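Read off the chains here:
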Amino acid sequence: MTGTYLLDYGAGNVRSLVNAVKKLGHDITYVKDPSDILKADKLIFPGVGAFGSAMQSLHSKGYAEPLKQYLALNKPFMGICVGMQSLFEGSDENPGIPGLGVIPGRVRLFDSSLKAVPHMGWNTARTIQGPERAKGCGLEEGRAYYFVHSFAVPFVEGSTEAKEWCLTTTQYGGEGSGGEVFISSVRRGNIFCTQFHPEKSGFAGVNVLKAFLDGDAAVGAEGDAALIQASTLAPSGGLSVLAPTFIPEPTQDQFTKRIVACLDVRANDQGDLVVTKGDQYDVREQSTNGQEGDVRNLGKPVELARRYFEEGADEITFLNITSFRNCPLLDLPMLEVLRRTSETVFVPLTIGGGIKDVVDPDGKLHPALEVAGEYFRNGADKVSIGSDAVYAAEKYYALGGRGDGTSAIETIAHAYGSQAVVISVDPKKVYVNSPADAPTHHVIQPAQPGPNGEKYCWYQCTVSGGREGRDMDVRQLVIACQALGAGEILLNSMDQDGMKQGYDLTLIQDVRAAISIPVIASSGAGCAQHFVEVFEKTGVQAALAAGIFHRREVPLEDVKTTCVNAGIRIRTIDAPLAI
Ligand code: 1PR
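A quick note: this is a predicted structure, and the numbers were derived from the prediction, not measured.

The rules we used
- Residues numbered from 1 in each chain as written.
- Predicted model: local features only at pLDDT ≥ 70, side-chain atom pairs only at ≥ 80, totals over all residues.
- Heavy atoms only, no water.
- Helix = DSSP H or I, 4+ residues; strand = E, 2+ residues; numbered from the N terminus.
- Rg over C-alpha atoms; globule rule 2.2 N^0.38 Å.
- Buried < 20%, exposed > 50% of the residue type's maximum accessible area, 1.4 Å probe, protein only.
- Contact = heavy atoms within 4.5 Å.
- Areas by Shrake-Rupley, 256 points an atom, 1.4 Å probe, with all protein chains shown as cover.
- Lys, Arg positive; Asp, Glu negative; His and termini not counted.
- Charge placed at Lys NZ, Arg CZ, Asp CG, Glu CD.
- Salt bridge = Lys/Arg side-chain N within 4 Å of Asp/Glu carboxyl O.
- Axes fitted to C-alpha atoms, helices over the stretch in contact; angles between N-to-C directions.
- Parallel < 35°, antiparallel > 145°, perpendicular 65-115°, else oblique.
- Pairing = 2+ DSSP bridges.
- Left-handed = near helix turned anticlockwise from the far one by under 90°.
- Nonpolar A, V, L, I, M, F, W, Y, C, P; charged D, E, K, R; others polar.

Peer 1: Can you walk me through the overall build of the protein chain in this structure?
Peer 2: On a plain count of helices and strands, the protein chain comes out with 18 helices and 27 strands. Against the compact-globule benchmark of 25 Å for 579 residues, the protein chain has a radius of gyration of 24 Å, which places it among compact chains. Along the three orthogonal principal directions, the C-alpha set of the protein chain runs to about 80 × 55 × 50 Å. For the protein chain, with 579 residues in total, the buried portion stands at 58%. Of all intrachain contacts in the protein chain linking residues separated by at least 6 positions in sequence, the fraction that spans at least 24 positions is 72%. Total accessible area on the protein chain is roughly 22300 Å²; 49% of this is exposed by carbon and sulfur atoms. Positive and negative side-chain charges in the protein chain, numbering 53 and 68 respectively, have mean positions lying 2 Å apart.

Put into structure tokens, the structure is as follows:
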């Protein structure tokens, strides 16, 4: 059967991509056999996970040779993320494993000494071959697209081997913060690839997919086809240069801060799945007659997520807050929520709560990796681990500062990449009179003294949704989690949660200083200015809020406008596309 095919090797979330293609009115067929590749009129390769495992999968499934033939024929191809990287000669991620060698150059690791790695968030693409050529691919200068990667192909003016292929470049980091310019999309003939994820880049990204799907198969110049053939056969040289007549503006770091909308989800007393919201983690209404109040009901998860997507949220996080209860794997209520959300929401989705080993009623054990895999296949881009991360960190220190490869963090990061593993931290302040009162913990001076005038505190890690405190401070936790392979920290505060008094800046600064992976500030947002404050004072990469969005007290648009007016780079809200 001819048509559009998807080259998927089962390593991550392709549901959003398939949903976006379908929303755009196109059918898509999964490649099941090597012979399917040459049947395709259009082929999409959304590489996920590590470069090495992507290449190994291509070879073990027998896809590598037909894919090279397909590319040499200059048939319409769209590679995404690792799907783009695989076309290069190799990657420092897995130095011993060659790439397809269609495009000259190597994929390199970002320098993390002065900036957070992975490069995770929204950034713009500067056109190299001229805005018209980029426009033909649905790309718009100045629009932000969603990136999530630790490796990229560096672009150095005048010396990049892949320059003839390079359609756009992007800069990550500025002057003084390890700025690096890399190739964010390539195009030659009918081959078009993006380092960013169009299916996660809001309406701007859907537009890129639309251009590929609606585009004319024969747009590529014949000369381009010959060049693709030549470079496929002799990857390191022999390319003639398609000299760009367009002189691009110098690249600038346009990496934006992210605004995340968070939905705490649980079943209410009537058994309906609702978005709820606590004050200091208590999600029940005040009781009047000494009885337990109802679970607060602030809306339906799928509908609220869609609303936040349309209002401009850069990411959406679902937390199943009753996950401390055991639940059979295929009964997980959040799977359906994810499946339905990914039909209409095209920004990254994180799911948390219950990412741990799960035991079915018949005694069958499903490791955390399997649970996470189920979520990825149903539309999640990242999983967030709470309690299990604390247990893994305890084990890490018990082993003398190393993992044993079995924790949820390690197994999921190994299979799906660090960027897919978020650690949700639920700390609570413990006040002390002097650092000597908590000798094994990292003690700091909080902005306000404790209830009995205590001048110091440490931040205690909790598990089971804050119900149990452990003998570990937040700094110990995040350092261990980073070492075990986590890609991001979602930093809540039990003291600030729902209080609308602003984020705990001391806590956030302290965590930021201890690790190099990105941090999402959470808990306490009460007005748009609180977002400005947390970005300016802590340099955090993202800020999350829940209550103020659910209650429509502060519109997302106001948050974004206030940040922009304060000089903070933020993704502007897309004009909706009719899909
Ligand atoms: O331990 O891996 O099963 O994960 C459980 C997850 O559920 C954790 O991520 C934990 O944070 C979350 N959770 C458990 N109980 C609660 C609760 O509220 N009773 N919610 C809970 C945590 C905090 C944030 C909240 C921000 C922003 N909620 O998610 O959205 O504080 O709120 P605000 O802007 O209104 O101040 P596991």
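Read on, since the account is not over.
Peer 1: Which parts of the structure should I look at to understand the pattern of salt bridges?
Peer 2: Side chains carrying opposite charge are able to pair once their charged atoms draw close together. If you walk through the whole model with that rule in mind, you get 30 salt bridges. D214 is the salt-bridge partner of K210, the closest N and O atoms lying 2.9 Å from each other. Of the two residues, K210 and D214 both sit in helix α7 (residues 202-214), four residues apart, roughly one turn of that helix. For K210, a relative accessible area of 32% puts it in the partly exposed group. Among the salt bridges present, the one from E292 reaches R284, with a minimum N-O distance of 3.5 Å. A relative accessible area of 16% places R284 in the buried class. Salt bridges linked by common partners bring R258, E315, K382 and E488 together as one network.

Peer 1: What's the story with the packing of helix α12 (residues 387-398) against helix α14 (residues 474-484) in this structure? I'm lost.
Peer 2: Helix packing for two helices is described by the angle between their axes and how far apart those axes are. Axis separation between α12 and α14 bottoms out at 9 Å; the angle between their running directions is 85°. Here α14 runs roughly perpendicular to α12, going by the angle between their axes. On α14, the residues that touch A389, V390, A392, A393, Y396 and Y397 of α12 are Q476, L477, I479, A480, C481, A483 and L484.

Peer 1: Is there a simple way to explain the sheet that holds strand β10 (residues 151-152) in this structure?
Peer 2: By definition, the strands of a sheet pair up through backbone hydrogen bonds, in either a parallel or an antiparallel sense. Pairing in this open sheet of three strands is mixed, and the strands run β5-β6-β10 from one edge to the other. Each edge of the open sheet carries a strand with a single partner, namely β5 (90-91) and β10. In this structure, strand β6 (residues 106-109) lies alongside β10, joined through two bridges in antiparallel fashion. Looking across to β10, one finds that R108 is bridged to A152.

Peer 1: When you look at the side chain of R296 in this model, what are you seeing that I'm missing?
Peer 2: One can find R296 in the loop between β15 (273-276) and α9 (301-311). We classify R296 as buried; its relative accessible area is 10%. Leaving out residues up to four positions away in the same chain, R296 has contacts with V274, V275, T276, K277, G278, D279, D282, V283, R284, E285 and R551.

Peer 1: Would you explain the packing of α14 against helix α15 (residues 505-514) in this entry?
Peer 2: One way to put it is that α14 packs onto α15 with a least axis distance of 9 Å and a crossing angle of 35°. The interaxial crossing formed by α14 with α15 has right-handed handedness. Within the contact between the two elements, α14 uses V474, R475, V478 and I479 and α15 uses L507, D510, V511 and A514. Among the residues forming the contact of α14 with α15, the class breakdown is six nonpolar, no polar and two charged.

Peer 1: Where do I start with the side chain of T124 in this structure?
Peer 2: As for its placement among the helices and strands, T124 is situated in strand β7 (residues 119-124). Classification of T124 as buried rests on a relative accessible area of 15%. Look past the residues within four positions of T124 in its chain and what remains in contact with it is G142, R143, A144, T169, T170 and Q254.

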